Amino acid sequence: MSVEKLLKLLRPIIPHLPKSVQRFMPGVLASLPLAFEIAHLLYKHRGKIKEIFESLTKRASTQSRRETDGIAEAIQRLPRRRARWLKRRLVYLPLALEIVKASNRKNMKRLRNLTAPLPGNVKRKIRRRLHR
(Lines give C-alpha, C1' and ligand atoms only; values in the text may rest on other atoms or scores of the structure.)
Protein backbone atom coordinates (compact mmCIF):
# COMPACT_ATOMS: atom_id res chain seq x y z
CA MET A 1 0.00 0.00 0.00
CA SER A 2 1.35 3.41 -0.93
CA VAL A 3 1.90 6.21 1.56
CA GLU A 4 -0.80 8.37 -0.08
CA LYS A 5 -3.38 5.60 0.30
CA LEU A 6 -2.29 5.03 3.87
CA LEU A 7 -2.69 8.70 4.76
CA LYS A 8 -6.14 8.78 3.18
CA LEU A 9 -6.99 5.76 5.29
CA LEU A 10 -5.66 7.22 8.54
CA ARG A 11 -7.05 10.77 8.34
CA PRO A 12 -10.65 9.73 9.11
CA ILE A 13 -9.44 7.71 12.10
CA ILE A 14 -7.69 10.57 13.92
CA PRO A 15 -10.84 12.43 15.12
CA HIS A 16 -12.11 9.17 16.66
CA LEU A 17 -8.96 8.49 18.63
CA PRO A 18 -9.08 9.02 22.39
CA LYS A 19 -8.03 12.55 23.44
CA SER A 20 -5.00 11.21 25.29
CA VAL A 21 -3.72 9.68 22.05
CA GLN A 22 -4.62 12.72 19.93
CA ARG A 23 -2.13 14.75 21.97
CA PHE A 24 0.68 12.57 20.64
CA MET A 25 -0.57 12.59 17.06
CA PRO A 26 0.95 15.85 15.70
CA GLY A 27 4.44 14.52 16.31
CA VAL A 28 3.53 11.00 15.34
CA LEU A 29 1.50 11.82 12.23
CA ALA A 30 4.60 12.95 10.36
CA SER A 31 6.38 9.66 11.08
CA LEU A 32 3.32 7.39 10.88
CA PRO A 33 3.54 6.59 7.15
CA LEU A 34 7.15 5.53 7.50
CA ALA A 35 6.34 3.58 10.65
CA PHE A 36 3.54 1.76 8.83
CA GLU A 37 5.91 0.93 5.97
CA ILE A 38 8.35 -0.60 8.45
CA ALA A 39 5.50 -2.38 10.27
CA HIS A 40 4.38 -3.78 6.91
CA LEU A 41 7.94 -4.93 6.21
CA LEU A 42 8.14 -6.62 9.63
CA TYR A 43 4.74 -8.23 8.97
CA LYS A 44 5.99 -9.60 5.65
CA HIS A 45 9.00 -11.16 7.37
CA ARG A 46 7.11 -12.31 10.46
CA GLY A 47 8.17 -15.92 9.89
CA LYS A 48 11.85 -14.98 10.16
CA ILE A 49 11.48 -12.73 13.23
CA LYS A 50 8.94 -14.84 15.10
CA GLU A 51 11.38 -15.97 17.81
CA ILE A 52 12.91 -12.56 18.53
CA PHE A 53 9.84 -10.38 18.11
CA GLU A 54 8.61 -10.60 21.72
CA SER A 55 11.94 -9.44 23.13
CA LEU A 56 12.01 -6.57 20.63
CA THR A 57 8.51 -5.33 21.49
CA LYS A 58 9.50 -5.09 25.15
CA ARG A 59 11.89 -2.33 24.08
CA ALA A 60 9.05 -0.17 22.75
CA SER A 61 8.09 2.78 24.95
CA THR A 62 4.75 3.05 26.69
CA GLN A 63 3.98 6.11 24.56
CA SER A 64 4.32 4.06 21.36
CA ARG A 65 2.08 1.39 22.84
CA ARG A 66 -0.57 3.97 23.80
CA GLU A 67 -0.53 5.44 20.30
CA THR A 68 -0.93 1.98 18.80
CA ASP A 69 -3.76 1.09 21.21
CA GLY A 70 -5.57 4.30 20.29
CA ILE A 71 -5.32 3.47 16.61
CA ALA A 72 -6.54 -0.07 17.31
CA GLU A 73 -9.66 1.27 19.05
CA ALA A 74 -10.44 3.59 16.15
CA ILE A 75 -10.05 0.86 13.51
CA GLN A 76 -13.55 -0.41 14.21
CA ARG A 77 -14.91 2.60 12.31
CA LEU A 78 -13.19 1.55 9.08
CA PRO A 79 -14.49 -0.77 6.37
CA ARG A 80 -13.85 -4.40 7.26
CA ARG A 81 -11.19 -5.05 4.61
CA ARG A 82 -9.12 -1.99 5.55
CA ALA A 83 -9.54 -2.70 9.25
CA ARG A 84 -8.20 -6.24 8.79
CA TRP A 85 -5.21 -4.92 6.85
CA LEU A 86 -4.39 -2.43 9.62
CA LYS A 87 -4.98 -4.85 12.51
CA ARG A 88 -2.41 -7.29 11.19
CA ARG A 89 0.23 -4.60 11.03
CA LEU A 90 -0.62 -2.93 14.34
CA VAL A 91 1.18 -5.69 16.20
CA TYR A 92 4.42 -4.50 14.64
CA LEU A 93 3.67 -0.76 14.85
CA PRO A 94 5.13 -0.03 18.35
CA LEU A 95 8.51 -1.40 17.28
CA ALA A 96 8.30 0.41 13.95
CA LEU A 97 7.49 3.70 15.73
CA GLU A 98 10.50 3.25 18.00
CA ILE A 99 12.74 2.62 14.98
CA VAL A 100 11.44 5.74 13.21
CA LYS A 101 11.78 7.88 16.35
CA ALA A 102 15.36 6.72 16.90
CA SER A 103 16.16 7.46 13.28
CA ASN A 104 14.59 10.94 13.40
CA ARG A 105 16.49 11.81 16.56
CA LYS A 106 19.72 10.52 15.00
CA ASN A 107 20.07 8.16 17.95
CA MET A 108 22.15 5.55 16.13
CA LYS A 109 22.93 3.54 19.25
CA ARG A 110 19.22 3.03 19.97
CA LEU A 111 18.54 2.29 16.31
CA ARG A 112 21.28 -0.34 16.26
CA ASN A 113 19.94 -1.90 19.47
CA LEU A 114 16.45 -2.15 18.00
CA THR A 115 17.50 -3.60 14.66
CA ALA A 116 20.52 -5.74 15.69
CA PRO A 117 18.58 -8.98 16.35
CA LEU A 118 16.76 -8.76 12.99
CA PRO A 119 17.96 -10.83 10.02
CA GLY A 120 20.37 -9.04 7.68
CA ASN A 121 17.99 -8.64 4.75
CA VAL A 122 15.29 -7.14 6.99
CA LYS A 123 17.81 -4.68 8.49
CA ARG A 124 18.90 -3.67 4.99
CA LYS A 125 15.32 -3.05 3.87
CA ILE A 126 14.60 -0.99 6.99
CA ARG A 127 17.74 1.09 6.40
CA ARG A 128 16.70 1.74 2.80
CA ARG A 129 13.27 2.93 3.90
CA LEU A 130 14.74 5.19 6.56
CA HIS A 131 17.18 6.81 4.16
CA ARG A 132 14.65 7.52 1.40
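Everything numeric here is computed off the predicted structure, so don't read it as measured data.

Criteria and cut-off values
- Residues numbered from 1 in each chain as written.
- Predicted model: local features only at pLDDT ≥ 70, side-chain atom pairs only at ≥ 80, totals over all residues.
- Heavy atoms only, no water.
- Helix = DSSP H or I, 4+ residues; strand = E, 2+ residues; numbered from the N terminus.
- Buried < 20%, exposed > 50% of the residue type's maximum accessible area, 1.4 Å probe, protein only.
- Contact = heavy atoms within 4.5 Å.
- Areas by Shrake-Rupley, 256 points an atom, 1.4 Å probe, with all protein chains shown as cover.
- Axes fitted to C-alpha atoms, helices over the stretch in contact; angles between N-to-C directions.
- Parallel < 35°, antiparallel > 145°, perpendicular 65-115°, else oblique.
- Left-handed = near helix turned anticlockwise from the far one by under 90°.
- Nonpolar A, V, L, I, M, F, W, Y, C, P; charged D, E, K, R; others polar.
- Core = buried A, V, L, I, M, F, W, Y, C linked by side-chain atoms within 4.5 Å.
- 1 Å grid on protein atoms, 1.4 Å probe; cavity = no way out; pocket = protein on both sides within 12 Å on 5 of 7 lines; lining within 4 Å.
- Points joined across faces, edges and corners; volume = space filled by probe spheres on them.
- Polar contact = N/O pair within 3.5 Å; in protein donor to acceptor, adjacent residues only side chain to side chain.
- Expected span 1.5 Å × (residues − 1).

A. Local environment of the overall build of the protein chain. Within the protein chain one finds nine helices and zero strands. Along the chain direction, N to C, the helices and strands of the protein chain fall in the order α-α-α-α-α-α-α-α-α. Counting the 132 residues in the protein chain, one finds 45% classified as buried. Across the protein chain, every contact between residues at least 6 apart in sequence was considered, and the portion connecting residues at least 24 apart equals 77%. Counting every atom, the protein chain has about 7,800 Å² of accessible surface; 49% of that belongs to carbon and sulfur.

B. Representation of the packing of helix α5 (residues 62-74) against helix α7 (residues 93-104) within the structure. The contact between α5 and α7 brings their axes to 9 Å, and the two run at 130 degrees. Judged by the inter-axis angle, α5 sits oblique to α7. Crossing handedness for the pair α5 and α7: right-handed. Listed contacts from α7 to Q63, S64, R65, E67, T68 and I71 of α5 are L93, P94, L97, E98 and K101. Of the residues that constitute the contact of α5 with α7, the class distribution is four nonpolar, three polar and four charged.

C. Geometry of the nonpolar core. The biggest cluster of nonpolar side chains holds 32 residues, and the ones touching the most others in it are I38, L42, L93, I99 and I126. Those elements that place two or more of their residues in this core are α3 (25-44), α4 (46-57), α6 (80-90), α7, α8 (108-115) and α9 (120-131). Sorting elements by how many residues they give to this core places α3 first, with eight residues. In this view, I126 contacts I38, L41, L42, I99 and L118; residues no more than four positions away in its chain are not counted.

D. Representation of the layout of surface pockets within the structure. The space that makes up the largest pocket amounts to roughly 180 Å³. What lines the largest pocket is simply S103, K106, M108, L111, R112, T115, K123, I126, R127, L130 and H131. For the lining of the largest pocket, the secondary structure elements donating two or more residues are α8 and α9. Per-element tally for the lining of the largest pocket: the top contributor is α9, with five residues.

E. Examining the environment of D69 more closely. Along the chain, D69 falls in helix α5. The class for D69 is partly exposed, based on a relative accessible area of 46%. Taking the C-alpha atoms as reference, D69 lies 8.5 Å from L90; in sequence the two are 21 residues apart.

F. Main features of the side chain of T115. Of note, T115 is situated in helix α8. One polar contact links the side chain of T115 to the main-chain carbonyl oxygen of L111, over a distance of 2.9 Å.

G. Molecular detail of α7. With 12 residues, α7 should cover 16 Å at 1.5 Å per step; its first-to-last C-alpha distance of 16 Å lies within 8% of that length. Where burial is concerned, most of α7 is hidden: 11 out of the 12 residues are buried. Taken from the residues just after α7, K106 is the one with a positive phi, measuring 60 degrees.

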